[in-house]
Amino acid sequence: MRKQIVAGNWKMNNNTLETESLIKSLAQHEIPDDVQVMVAPAFTQLSQSVSLTEAHSITVAAQNMNAADSGAHTGEVSASMLKGVGVHTIILGHSERRSLYGETDSMLQLKVQKAIAEGFQIIFCFGEELEHRKENKHFTLVEDQLSSALFDLPKTAWSQIVLAYEPVWAIGTGETASPEQAQEMHAFIRQLIENKYDADLANQIAILYGGSVKPGNAKEIFSMQDVDGGLIGGASLNAEDFMAIVNAF
Ligand code: PGA
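Residues numbered from 1 in each chain as written. Predicted model: local features only at pLDDT ≥ 70, side-chain atom pairs only at ≥ 80, totals over all residues. Heavy atoms only, no water.

Focus on the overall build of the protein chain
- Scanning the protein chain from N- to C-terminus turns up 11 helices and 8 strands.
- Scaling as 2.2 N^0.38, a compact globule of 249 residues should have a C-alpha radius of gyration of about 18 Å, and the protein chain matches this with 17 Å.
- Summarising its shape, the C-alpha atoms of the protein chain cover approximately 45 × 45 × 35 Å along the three principal directions.
- Within the span of the protein chain, comprising 249 residues, buried residues form 53% of the whole.
- Restricting the contact set of the protein chain to residue pairs at least 6 apart, pairs at least 24 apart contribute 71%.
- Of the roughly 11,100 Å² that the protein chain leaves accessible, carbon and sulfur atoms contribute 50%. (Helix = DSSP H or I, 4+ residues; strand = E, 2+ residues; numbered from the N terminus. Rg over C-alpha atoms; globule rule 2.2 N^0.38 Å. Buried < 20%, exposed > 50% of the residue type's maximum accessible area, 1.4 Å probe, protein only. Contact = heavy atoms within 4.5 Å. Areas by Shrake-Rupley, 256 points an atom, 1.4 Å probe, with all protein chains shown as cover.)

A short note on the pairing of strand E2 (residues 35–40)
- Most of E2 is tucked away: 5 of the 6 residues are buried.
- The pairing of strand E1 (residues 4–9) with E2 spans 6 bridges and is classified as parallel. Within the sheet, the bridge partner assigned to Ala-7 lies in E2 and is Met-38.
- In this region the chain leaves E1, passes through helix H1 (residues 16–27) and returns to the parallel neighbour E2; the handedness of that crossover is right-handed.
- Pairing between E2 and strand E3 (residues 58–62): 3 bridges, direction parallel. From the neighbouring strand, Met-38 faces E3, where its bridge partner is Thr-59.
- For the segment spanning E2, helix H2 (residues 46–52) and E3, crossover handedness is right-handed. (Pairing = 2+ DSSP bridges. Right-handed = clockwise from strand over helix to strand, strands pointing away.)

Let's talk about the nonpolar core
- Formed by 68 residues in total, the largest nonpolar core has its most connected members in Phe-124, Leu-146, Leu-150, Trp-158, Leu-163, Ile-189 and Ile-193.
- Once residues within four sequence positions are removed from consideration, Leu-163 is found in contact with Phe-124, Phe-126, Leu-146, Leu-150, Trp-158, Ile-189, Ile-193, Ile-205, Ala-206, Ile-207 and Leu-208.
- Core analysis: the second largest hydrophobic core is formed by 13 residues, Met-38, Ala-61, Ile-91 and Ala-206 among them. (Core = buried A, V, L, I, M, F, W, Y, C linked by side-chain atoms within 4.5 Å.)

Some words on helix H7 (residues 138–150)
- Relative to the 18 Å expected for 13 residues at 1.5 Å per residue, H7 spans 18 Å between its end C-alpha atoms, a close match to the ideal helical length.
- Residues of H7 that are buried include every one of His-138, Leu-141, Val-142, Gln-145, Leu-146, Ala-149 and Leu-150, and no others. Taken down its axis, H7 places every buried residue within 125 degrees of arc, on the same side.
- If you follow the buried residues of H7, they end up packed against helix H4 (95–101), helix H5 (105–117), strand E5 (121–126), helix H6 (130–134), strand E6 (161–165) and helix H8 (179–196). (Expected span 1.5 Å × (residues − 1). Arc of directions from axis to C-beta.)

Quick notes on H8
- Compared with an ideal rise of 1.5 Å per residue, which puts 18 residues at 26 Å, H8 spans 26 Å between its outermost C-alpha atoms and is within 8% of the ideal.
- Residues of H8 that are buried: Pro-179, Ala-182, Gln-183, Met-185, His-186, Ile-189, Arg-190, Leu-192 and Ile-193.

Side note on the site of the ligand
- Near the ligand there are 13 residues, and of these Lys-11, His-94, Glu-166, Gly-172 and Ser-212 occur at the shortest range.
- Side-chain polar atom of Glu-166 to an oxygen atom of the ligand: 2.6 Å apart, as the coordinates give it.
- Here an oxygen atom of the ligand sits 2.8 Å away from a polar atom, N or O, in the main chain of Gly-234.
- Contact with the protein chains hides 97% of the accessible area of the ligand, taken as 280 Å² for the molecule alone.
- Residue composition of the shell around the ligand, by class: 4 nonpolar, 7 polar and 2 charged. (Near = heavy atom within 4 Å. Polar contact = N/O pair within 3.5 Å; in protein donor to acceptor, adjacent residues only side chain to side chain. Nonpolar A, V, L, I, M, F, W, Y, C, P; charged D, E, K, R; others polar.)

Looking at the sheet that holds E2
- Within the closed barrel, the 8 strands sit side by side as E1-E2-E3-E4-E5-E6-E7-E8. Their pairing is parallel. In this sheet, neighbouring strand axes are inclined to one another by 25 degrees on average, regardless of whether the strands run parallel or antiparallel.
- In this sheet, strand E8 (residues 229–232) lies alongside strand E7 (residues 207–210) in parallel orientation, the contact comprising 2 bridges. Across the sheet, the residue bridging to Tyr-209 is Gly-230, located in E8.
- Running at roughly 150 degrees to E5, H7 makes contact with E5 and E6 of the sheet. (Axes fitted to C-alpha atoms, helices over the stretch in contact; angles between N-to-C directions.)

Structure below.
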């Protein structure tokens, strides 16, 4: 059976007090054994979050990482800095990083390679804009994003990869892809992996859906055959909502 994963992308939310309060609330909830739960706080709260989750089965992830080892990269954070505070999981390629901060497919390819080499688990995000879907180009776009960043990797590297399909038009908008739209794209992605590698690998890769997942729609989305969980933005900032989603499988 594939891993079921629910990851909370906190984005630029939660200062020290808020982080403490949210993680303490999350820790009071029972987490099902077969669900991997992650939270991705801002860089400044990573160390604190790692300490607060020490006794719990919650993984702390970073929201970004630079591909370089060190040097003149003002404002950036390296793999070894993340590992130094006990973080071994990262989100890469989020649409806000792509659209607001100019991350390109080739930059992401370097980040992915560095993260793989450093032993990180990667949640790799990708997805189409509304205009692509309107023009029926969403499958081509997703295929391009995946092939440029990931399809040069050896099969062995995929044990470190989780995919997160996030249609940009559904992120933070309250508009969700229908369960059928999510399933259709997830099945397409699995087929791409099978074509490029093999069916075994395609069946093992967890593919998360992200974009306005809420307690009210999570069950329906997670019930789709090729949807293995979610990357949650807004609803991950509230412990009750997030835990309702964790328990929605
Ligand atoms: P949202 O964000 O759940 O608020 O739509 C999802 C994401 O950006 O990962």
